[in-house]
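# Working through the structure, step by step
Each chain is listed here by its residues.
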Amino acid sequence: MLVNHLLEGIREGDKACFEVFYRMERNNLVHFVNSYIKDMSRSEDIAQDALLRLWERRLSLKDGGNIRALVFTTARNMAIDYLRRKTDIESLEACLCLEDDSVDGLIEALDLASLLGKTFSSLPEKLRETFIQSRFGGLSNREIALNEKVSIKAIEYRISAVLRSFKKITNSF
């Protein structure tokens, strides 16, 4: 998976991997931070600083860790610090919003999405293809069975195997 490759490269000091990750996440971070602090220029600075901090701490990154969740948590904490330094009421309200458990939930959702992606990538190709055709391609089990020249029961088994894998992950989360 791309993010795992990027994590490994960043940890090893590969600037090209960091640049790819930077380009993938910078705008997401800016909009995430700006939704709370309502200052685009400062949001860009915080996003930049959070990504720089990731680079500076690359040697401490854990294998298989979620660098997206790490950088979003870093940006959130930096936004909280920024808002605490401001004294107006609106900033205090935004700071309280960032400390809300729902923000933690959003960050946990990034972890869950990463785990689901890893799980899906680790499944056999036939299971993945069948699931994609069913859930994203809008094909019925019968249509998939006809296309692949297998029984409908085989298609049902494949889809349920993928769903069982997802359920294991979500139950442990």
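As the structure is a prediction and not an experimental result, all values here were calculated from the model.

Rules behind the numbers
Residues numbered from 1 in each chain as written. Predicted model: local features only at pLDDT ≥ 70, side-chain atom pairs only at ≥ 80, totals over all residues. Heavy atoms only, no water. Axes fitted to C-alpha atoms, helices over the stretch in contact; angles between N-to-C directions. Helix = DSSP H or I, 4+ residues; strand = E, 2+ residues; numbered from the N terminus. Left-handed = near helix turned anticlockwise from the far one by under 90°. Contact = heavy atoms within 4.5 Å. Nonpolar A, V, L, I, M, F, W, Y, C, P; charged D, E, K, R; others polar. Buried < 20%, exposed > 50% of the residue type's maximum accessible area, 1.4 Å probe, protein only. Salt bridge = Lys/Arg side-chain N within 4 Å of Asp/Glu carboxyl O. Phe/Tyr/Trp six-rings, centres within 6.5 Å; stacked < 30°, edge-to-face > 60°.

A few words now on the packing of helix α2 (residues 15-37) against helix α4 (residues 67-85). For the pair α2 and α4, the least separation of the axes is 10 Å and the interaxial angle reads 35°. Where α2 crosses over α4, the two elements pack in a sense that is right-handed. Residue-level inspection shows Phe21, Glu25, Asn28, Leu29, Phe32, Val33 and Ile37 of α2 in contact with α4, the latter providing Ile67, Arg68, Val71, Phe72, Ala75, Arg76, Ala79, Tyr82 and Leu83. Grouping the constituent residues of the contact of α2 with α4 by class yields 12 nonpolar, 1 polar and 3 charged.

Counting through the fold element by element, leucine 6 comes out in helix α1 (residues 2-11). Given a relative accessible area of 2%, leucine 6 falls into the buried group. Along the chain, leucine 6 and glutamate 19 lie 13 residues apart, while their C-alpha atoms are 9.4 Å from each other. Excluding anything up to four places from it in sequence, leucine 6 contacts Cys17, Val20, Phe21 and Met24.

The next subject is the pattern of salt bridges. A full pass over the atoms with the stated rule returns 5 salt bridges. Arginine 23 serves as the salt-bridge partner of glutamate 19, at 2.7 Å between the closest nitrogen and oxygen. Of this pair, glutamate 19 and arginine 23 both sit in helix α2, 4 residues apart, which is roughly one turn of that helix. The salt bridge involving glutamate 156 is made with lysine 153; its shortest N-O contact spans 3.7 Å. With glutamate 156 and lysine 153 both in helix α9 (residues 152-172) and 3 residues apart, the pair spans about one turn of that helix.

We now examine the side chain of threonine 130. Structurally, threonine 130 can be placed in helix α7 (residues 125-135). With relative accessibility at 0%, the residue threonine 130 sits in the buried group. With residues up to four places along the chain from it excluded, the contact list for threonine 130 reads Ile144, Glu148, Ile155, Arg158 and Ile159.

This part takes up the packing of aromatic side chains. Working definition: an aromatic ring pair is given by the centre-to-centre distance plus the angle between the planes. According to the stated counting rule, one finds 4 aromatic pairs in the structure shown. Both rings, one in phenylalanine 18 and one in tryptophan 55, keep their centres 5.1 Å apart while their planes meet at 50°; by these two values the pair is tilted. Of this pair, phenylalanine 18 sits in helix α2 while tryptophan 55 is found in helix α3 (residues 40-56), placing the two residues 37 residues apart along the sequence. Taking the relative accessible area as the measure of exposure, tryptophan 55 reaches 15% and is therefore buried.

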